[in-house]
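Here's the letter readout for the chains.
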Amino acid sequence: MANENSSFQLLANGILKENPIFKLALSMCPAVGISTTVINGLLLGTAVLFVQVFSSVTISALKNYIHPRIRIPTYTLTIATWVTVIDLSLAAFFPLAYAKMGIFVKIIVAFAIITMRLEMFACKEPISDSFWDGLGMGLGFLVGMVVIGFVRELLGSGAILGYDVLGFKPLLFFILPSAGFFVVGLMMAFFNWIEVAYAQRKKG
Amino acid sequence: MKNILTIILRLTVSCLIAGLIMGMTFVFTNKAKKANEHAREEKVVFSLLGYSKANPIPDSMGLHEIFRYVVSDGEAQSIGYLLPSEGHGEAEAFNFVRIDLDGKYLDSSSVAITEKKVKDQKDRDAAVQIALGAGKEIRFVDQTIVVTEGDGRLAYLLGGKFPGFKTHIAIMLALDPSYSILGLEVMEHEEDPGLGAEIEQEYFKNQFKLKPFEKIKSIEVVKAPLPNEYFDALEGRVDESAAFDIMKQYSDQDIYALTGATISSAAVSSGVRAMTKKFAYRLDILDRVLNEQQIAVPF
């Protein structure tokens, strides 16, 4: 990752080129477990976005003080701190949303994508770049979750954002966790197809 | 060696900082969280009684809280009830009635506390301690709300906690004066989503509705599929009088266990059973004592 990246490139990188779900295939467990509706995906994605940005900035700011041998425990500690902060704030200020996804917020601590970004990027790069990278990755995750949630909610329960749009339930299978993998797989294929098509057009 | 020391130092410092941040967030958010919980509790109380914001509780109805304490006086233990007295709103508006473990009346003392302060556990404990005098140890156990309409009792609302499949399940139960169940609401639990967490669903918790006390005393779960008409009635998909008839028809049935969550279902059933039985036993004793001693209460 080059230093001269502009903030916009960093942002776009997280959403498209290195999308955590469709490209890096990280944090699949929550992606398939929670993304049964658009709202669930949006809520968890937002929580991850905040944790990712805060953690990236914190680690980037403290990178010179982190002993290389204990960097992973330090990352985990940082993430755990921010997750706790988000968890408590959600419980206090958004009780309705929290009641739905409270237990999922706590497992953000174990999300591979956040630790991976800290290890790959934030511990080497300056604060502002880390901020944009964190924002990009968080948004990438958010977009991924919302897209999967959209497909699964539409096909599984025939609704969007809780509103019945189809009037019937096409395939109940899409609500089940295993269907999450199915949707992710299809999305990956779709993203790759776009990329290949784009590259070929550029060539020809 | 030097490495170890710096690592220890750095980890300790980072842990301290992390702890500080988390602690500060807790302090900032705790008040809002408490307020949320209180608002939720109030809403649940209203909905269990069949009222909502749009359809508020009429003025003729009164909610009276009873606080139960365990009092230890050296070796001897007794149960203490903090009850509102007839003259509501005055300074010494509460009585603390002590009953020994065999159900015999011990003594009663008036407690100086206002109705607002009685809701706060710290203030309440302090006031009870003053009324009892030093040397006695008190421990708050639970609280019950008696709902009255005019002179008659309408319902009891009691909260309770019991072990579920993972951690504790906290529920709120509404009973009518003959201890039959009016409604049940799950307040807090950490069961598995999709399995044990289904105890929150209408079709599970409404199964307890309208069950008579006689049935509750021996209620169990059965592993059988929930009949379709019963499911529709529990989920409120049929109109009210039809739902009532169907639920009445099933009121002598055991609870249909949730698929894949028999333990959670059984935990709720046995929890409800224990809560109801114990509450009925205690309230009968309390009522007898209040009658014998001519202690005036507003319920």
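Residues numbered from 1 in each chain as written. Chains lettered and ligands numbered in written order. Predicted model: local features only at pLDDT ≥ 70, side-chain atom pairs only at ≥ 80, totals over all residues. Heavy atoms only, no water.

Looking at the overall build of chain A
Helix and strand content of chain A: eight helices and two strands. The helix and strand sequence of chain A, counted from the amino end, reads α-α-α-α-α-α-α-β-β-α. Relative to its 204 residues, chain A shows a buried fraction of 45%. Within chain A, residue pairs in contact and separated by at least 24 positions form 73% of the contacts whose partners lie at least 6 positions apart. Counting every atom, chain A has about 10200 Å² of accessible surface; 72% of that belongs to carbon and sulfur. (Helix = DSSP H or I, 4+ residues; strand = E, 2+ residues; numbered from the N terminus. Buried < 20%, exposed > 50% of the residue type's maximum accessible area, 1.4 Å probe, protein only. Contact = heavy atoms within 4.5 Å. Areas by Shrake-Rupley, 256 points an atom, 1.4 Å probe, with all protein chains shown as cover.)

Brief notes about the overall build of chain B
The number of helices and strands found in chain B is seven helices and ten strands. When the 299 residues of chain B are sorted by exposure, 43% land in the buried category. Here the analysis covers contacts within chain B between residues at least 6 apart in sequence; of these, 55% occur between residues at least 24 apart. When the accessible surface of chain B is split by element, carbon and sulfur atoms take 54% of a total near 16300 Å².

A closer look at a nonpolar patch on the surface
Taken together, Ile39(A), Leu42(A), Leu161(A), Tyr163(A), Val165(A), Leu166(A) and Phe168(A) make up a surface patch of nonpolar side chains, about 680 Å² in accessible area. Examined against the element boundaries, Val165(A) turns out to sit in the loop between β2 (163-164) and α8 (177-203). (Patch = residues over 30% accessible without salt bridge, like charges linked within 9 Å, V, L, I, M, F, W, Y side chains within 5 Å. Salt bridge = Lys/Arg side-chain N within 4 Å of Asp/Glu carboxyl O.)

Notes on the interface of chain B and chain A
Each side of the interface is counted separately: chain B has 17 residues, and chain A has 17 residues. Summing the contributions of chain B and of chain A, the shared interface buries around 1600 Å²; its carbon and sulfur component is 77%. When the buried area of chain B at its contact with chain A is split by residue, Ile7(B), Arg10(B) and Met22(B) rank highest and sum to 28% of it. Between chain B and chain A we count zero salt bridges in total. Remark: the boundary between chain B and chain A carries four residue pairs in polar contact (both at pLDDT 80 or more). The class makeup of the residues in the side of chain B that touches chain A is nine nonpolar, six polar and two charged. (Buried area = accessible area lost by both parts, 1.4 Å probe. Polar contact = N/O pair within 3.5 Å; in protein donor to acceptor, adjacent residues only side chain to side chain. Nonpolar A, V, L, I, M, F, W, Y, C, P; charged D, E, K, R; others polar.)

Overview of the sheet that holds strand β3 (residues 94-100) of chain B
Residues and elements named next belong to chain B. The antiparallel open sheet is built from eight strands, whose spatial order is β4-β3-β2-β1-β5-β6-β7-β8. Each edge of the sheet is formed by a strand with only one pairing partner; in this case those strands are β4 (105-111) and β8 (181-188). Direction aside, the axes of adjacent strands within the sheet are offset by 25 degrees on average. Bridging between strand β1 (residues 61-73) and strand β5 (residues 137-149) involves twelve bridges; their strand directions are antiparallel. What sits directly across from Leu63, in β5, is Val147. Against the sheet, helix α2 (residues 121-132) makes contact with β1, β2 (76-84), β3, β4 and β5, and its axis sits at roughly 110 degrees relative to β5, the strand it touches most. (Pairing = 2+ DSSP bridges. Axes fitted to C-alpha atoms, helices over the stretch in contact; angles between N-to-C directions.)

Some remarks on the packing of helix α6 (residues 112-122) of chain A against helix α7 (residues 127-157) of chain A
Residue and element names in this part refer to chain A. With their axes 11 Å apart at the nearest point, α6 and α7 run at an angle of 150 degrees to one another. In terms of orientation, α6 lies roughly antiparallel with respect to α7. By crossing handedness, the relation of α6 to α7 is classed as right-handed. Of α7, the residues touching α6 (which contributes Ile113, Arg117, Phe121 and Ala122) are Asp129, Ser130, Asp133 and Met137. (Parallel < 35°, antiparallel > 145°, perpendicular 65-115°, else oblique. Left-handed = near helix turned anticlockwise from the far one by under 90°.)

A short note on the side chain of Asp133(A)
Position of Asp133(A) relative to the elements: it lies in helix α7. If we ignore the near neighbours within four places in the chain, the residues touching Asp133(A) are Leu10(A), Arg117(A) and Phe121(A).

Topic: a negative patch on the surface
Residues and elements named next belong to chain B. A surface patch of like charges, here negative, comprises Glu37, Glu41, Glu42, Glu188 and Glu190. Tallying contributions element by element places helix α1 (residues 2-48) first for the negative patch, with three residues. Tracing the chain through its elements places Glu188 in strand β8. Overall, the relative accessible area of 47% leaves Glu188 in the partly exposed class. (Lys, Arg positive; Asp, Glu negative; His and termini not counted. Charge placed at Lys NZ, Arg CZ, Asp CG, Glu CD.)

Concerning the layout of surface pockets
Residues and elements named next belong to chain B. When its volume is computed, the second largest pocket comes out at roughly 570 Å³. Leu182, Asn206, Lys209, Glu240 and Met247 are, among the 20 residues lining the second largest pocket, the residues nearest its centre. Where the lining of the second largest pocket is concerned, the elements lending two or more residues are α1, β8, α3 (202-205), α5 (228-234) and α6 (240-249). Split by residue class, the lining of the second largest pocket holds ten nonpolar, four polar and six charged. (1 Å grid on protein atoms, 1.4 Å probe; cavity = no way out; pocket = protein on both sides within 12 Å on 5 of 7 lines; lining within 4 Å. Points joined across faces, edges and corners; volume = space filled by probe spheres on them.)

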